[in-house]
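# Structure assessment
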Amino acid sequence: MSQLIINKPYSTEINQLSDLKKYVNKEIGLSEWITITQEQINSFGKITDDNQWIHINPELCEKFSPYKTPVAHGFFVLSLAPKFCYEILKFKKLSMAVNYGCDKVRFMSPTKVNSLIRGRISLISCEEIERGIKYKLNIIFELKDQEKPACVAEFISIAYN
């Protein structure tokens, strides 16, 4: 059975953690479009000490990069994945949620500064654990007006009652 593709932003709200099981193998949300700015990339580079010239140096990029402008990579997985996931999957009754990590991260297309990007999220799996649930989300970072996504990753979290 195919699922209707929705192209306007939406989220999913879960009443009880156990209700999450109903959404396995289904899309659960789509974020708003956001612009990736050089300031965001620079801030991320400063905090994580990821100061590669391909991300933070527009002058070197113009001379040496095949893209002629800085590109973002790690910024997606470490900054935007949690943001999109927690905005899209909402739990009514939650004591705590923990980002457990990422799995199978693939960068499909370079994301140039000032690109528009959004997150499309589906639930891959979930399993009940003591007082909570461990779940894995698939997140596709879509680029506006591009066929290939910027990045595809699996985001693992634990939520507790």
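Summarised in this report is the structure supplied together with it. Please read these numbers as outputs of a predicted model, since none were measured by experiment.

## A short note on the overall build of the protein chain
For the protein chain, the helix and strand inventory stands at four helices and 10 strands. When the elements of the protein chain are put in sequence order from the N terminus, they spell out β-β-β-α-α-α-β-α-β-β-β-β-β-β. Its C-alpha radius of gyration of 17 Å places the protein chain within 12% of the 15 Å reference for a compact globule of 161 residues. Its C-alpha atoms give the protein chain principal-axis dimensions of roughly 55 × 35 × 25 Å. Taken across its 161 residues, the protein chain has 40% of its residues classed as buried. Intrachain contacts of the protein chain at a sequence separation of at least 6 include 69% that bridge at least 24 residues.

## Thoughts on the packing of aromatic side chains
We describe a pair of aromatic rings using the distance from one ring centre to the other and the angle between the two ring planes. What the rule picks out here adds up to four aromatic pairs. Consider the rings of Phe84 and Phe141, whose centres lie 6.1 Å apart with planes at 40 degrees: the pair is tilted. Note that Phe84 is positioned in helix α4 (residues 74-88) and Phe141 in strand β9 (residues 132-143), a separation of 57 residues in sequence. The exposure class assigned to Phe84 is buried, which follows from its relative accessible area of 1%. Between the aromatic rings of Tyr86 and Phe155, the centroid separation amounts to 6.1 Å while the plane-to-plane angle is 80 degrees, which identifies the pairing as edge-to-face. Of the two residues, Tyr86 is situated in helix α4 and Phe155 in strand β10 (residues 151-160); the sequence distance between them amounts to 69 residues. By relative accessible area, which is 32% here, Tyr86 ends up partly exposed. By relative accessible area, Phe155 is classed as buried at 0%.

## Notes on helix α1 (residues 38-48)
Taken together, the buried positions of α1 are occupied by Gln38, Ile41, Phe44 and Gly45. All buried residues of α1 lie within an arc of 130 degrees about the axis, which places them on one face of the element. Facing away from the buried side of α1, by more than 90 degrees, are the exposed residues Glu39, Lys46 and Ile47. In the stretch just after α1, Asp49 is the one whose phi turns positive, near 60 degrees.

## As for the pairing of β9
Within β9, 10 of the 12 residues are buried, which leaves the element mostly enclosed by the surrounding structure. Looking at chain direction, strand β8 (residues 116-129) and β9 are connected through 12 bridges and run antiparallel. Directly across from Glu128, in β9, lies its bridge partner Ile133. Strand direction decides the pairing type here: β9 and β10, joined by 10 bridges, are antiparallel. When the sheet's bridge partners are listed, Lys136 is paired in β10 with Ile156.

## Notes on the side chain of Ser115
Examined against the element boundaries, Ser115 turns out to sit in the loop between β7 (111-112) and β8. Each residue touching Ser115, except ones within four places of it in the same chain, is listed here: Ile34, Thr35, Ile36 and Leu143.

## Digging into the pairing of β8
Bridge count between strand β2 (residues 26-30) and β8: four bridges; the pairing is antiparallel. Counterpart to Lys26 in the pairing with β8 is Leu123. Where strand β3 (residues 34-35) meets β8, two bridges bridge the pair, whose relative direction is antiparallel. Bridge assignment links Ile34 to a residue of β8, and that residue is Ile117. Hairpin connection, β8 to β9: the antiparallel pair is bridged by two residues, and Arg131 has positive phi, about 60 degrees.

Calculation rules
Residues numbered from 1 in each chain as written. Predicted model: local features only at pLDDT ≥ 70, side-chain atom pairs only at ≥ 80, totals over all residues. Heavy atoms only, no water. Helix = DSSP H or I, 4+ residues; strand = E, 2+ residues; numbered from the N terminus. Rg over C-alpha atoms; globule rule 2.2 N^0.38 Å. Buried < 20%, exposed > 50% of the residue type's maximum accessible area, 1.4 Å probe, protein only. Contact = heavy atoms within 4.5 Å. Phe/Tyr/Trp six-rings, centres within 6.5 Å; stacked < 30°, edge-to-face > 60°. Arc of directions from axis to C-beta. Pairing = 2+ DSSP bridges.

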